[in-house]
Each structure stands twice: as C-alpha cells, then as structure tokens.
Amino acid sequence: MAPAGPRSGDAIFASVERVNAELFTLTYGAIVRQLLTDLEEVDEVNKQLDQMGYNIGIRLIDEFLAKSNVSRCTDFKETTEVIAKVGFKMFLGVGASVTNWDAEGTCCSIVLEDNPLVDFVELPDTCQGLYYCNVLSGVIRGALEMVSMKTEVTWLRDVLRGDDVFELQVKLIKQVPEEYPYKDDE
C-alpha cells in the first residue's frame, strides 16, 4: 500500500472545515437539475458534469497535497491507492477500495463504500442515461492530470442505476514526463 505520510484520510477529514452534508447534497442536486433543464440532453449533462469535475480536480490536488503530507507516489498503483484511501476520505468522508487490476497495472476499479452525493436522489425514467455523480470522474481525471497522469475515468456500476455499488474504472492512458520551465545548468 502507498505510504500515506503522517496523516490518514480519517485524521484529515476530522480536522478540515466542513459544510453541512445535507446542504452539500441538496446543492449538488440543484446543480444537476439546472443542467438538465438548461441542456435538455442527458449526454450533454454527463459531459458538463465531467468537465465541472475536471476543473475542480485540477485545483483540488493542490489542497490535497498541502493538507495530506503524502509523499510522492512512485507509480499509478500507488497513486490510485492514495486517492481511494486518503482522497475520498479527506474530501467526501467516505472510504473506497481499489480492485480489478489488469495485468499491465494500468487499469483498475475504485469502489466507493458510500456516496453522499446520492442521498435523497431518485432518477426519473427520463434520466436513465444520466451519470449523476459524473463530477467525481472528472475530479479524479483532473487531479491525476496535474500529477502527470493522463487517464480515462468511467462509471462501471452505479447504485442509482440498480447496481449494488458505485464503481469507477480508472485507466492510465499515458504517464506524461514532467517538464521543468528552466534548465539547471543555466
């Protein structure tokens, strides 16, 4: 397992300032409802939620790195473990596990133990193609891109669609080499 540094997800979650969980859940629901009204097409709402999550993820990684004191991860496996064990606990207060690794170690599933975004939610028949929590896939994709990992994140299972768990598939597309804005020898 990845070294989580001196602070675990539980410790960080206990020490950060939080908003009321019901307010958070209802506000997110209102955003999704407004997107459905404005965009009308469920596929467009899915894309917009993913893009919103991506924009959040590219900023959230800074807070995560500053507050978690996690040391640099050595590979994709270690990074996904840190996301599941520390990141989800730190920001959503839920645990997650990493399963279903492929032979190359470039694709896995993150299974959420719980999902506070779906409290009070029932999808109507007109929204059956909606990935209500697609913002989470965008957050993961954006955060990983900021640490030089280009990924594809998709939902495999969703309780709102009748499945037994929430499961995201995270696939590493490529490891982007870090580029420094200057040369050491100049």
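Refer to the structure above for everything that follows.
Treat the numbers as computed from the prediction; the structure is a model and nothing was measured.

What counts, and at which threshold
Residues numbered from 1 in each chain as written. Predicted model: local features only at pLDDT ≥ 70, side-chain atom pairs only at ≥ 80, totals over all residues. Heavy atoms only, no water. Salt bridge = Lys/Arg side-chain N within 4 Å of Asp/Glu carboxyl O. Helix = DSSP H or I, 4+ residues; strand = E, 2+ residues; numbered from the N terminus. Buried < 20%, exposed > 50% of the residue type's maximum accessible area, 1.4 Å probe, protein only. Pairing = 2+ DSSP bridges. Axes fitted to C-alpha atoms, helices over the stretch in contact; angles between N-to-C directions. Contact = heavy atoms within 4.5 Å.

Novice: Tell me what's going on with the pattern of salt bridges, and back it up with residues and numbers.
Specialist: The tally for this structure, following the rule as stated, stands at 6 salt bridges. Between Glu 44 and Lys 47 there is a salt bridge, with its nearest N and O atoms 3.6 Å apart. Taken together, the positions of Glu 44 and Lys 47, both in helix H3 (residues 42–68) and 3 residues apart, correspond to about one turn of that helix. Here Glu 44 falls in the partly exposed class, since its relative accessible area comes to 39%.

Novice: Can you explain the sheet that holds strand E3 (residues 149–157)? Please cite residues and give values.
Specialist: Spatial ordering of the open sheet is given by E1-E2-E4-E3, a layout of 4 strands whose pairing is antiparallel. Two strands close off the open sheet at either side, each with one partner strand: strand E1 (96–99) and E3. When strand polarity is set aside, the average angle formed by the axes of neighbouring strands in this sheet is 25°. Two strands pair when backbone bridges link them, and E3 and strand E4 (residues 166–175) are joined in this way by 8 bridges, in the antiparallel orientation.

Novice: Explain the environment of Trp 101 residue by residue, including any values.
Specialist: In this fold, Trp 101 is placed in the loop between E1 and strand E2 (107–112). The spatial distance from the C-alpha of Trp 101 to the C-alpha of Lys 171 is 9.8 Å, given a sequence separation of 70 residues. Contacts of Trp 101, omitting those with residues within four sequence positions, involve Phe 76, Lys 77, Thr 80, Thr 106, Cys 107 and Cys 108.

Novice: So, unusual backbone geometry: which residues are in play, and what are the values?
Specialist: At Glu 40, a position not held by glycine, the phi torsion is positive, near 65°. Within the fold, Glu 40 resides in the loop between helix H2 (21–39) and H3. Phi at Ser 148 is positive, roughly 70°, even though this residue is not glycine. Along the chain, Ser 148 falls in the loop between helix H5 (134–146) and E3. Given a relative accessible area of 14%, Ser 148 falls into the buried group.

Novice: An account of the pairing of E2 is requested, with residue identities and associated values reported.
Specialist: Within E2, 6 of the 6 residues are buried, leaving the element largely enclosed by the surrounding structure. Here E2 shows two buried faces, one formed by Cys 107, Ser 109 and Val 111 and the other by Cys 108, Ile 110 and Leu 112. Bridge count between E1 and E2: 4 bridges; the pairing is antiparallel. Looking at the pairing, Ala 96 lines up with Leu 112 of E2. Two strands pair when backbone bridges link them, and E2 and E4 are joined in this way by 6 bridges, in the antiparallel orientation. Note that in E4 the partner of Cys 107 across the bridge is Lys 171.

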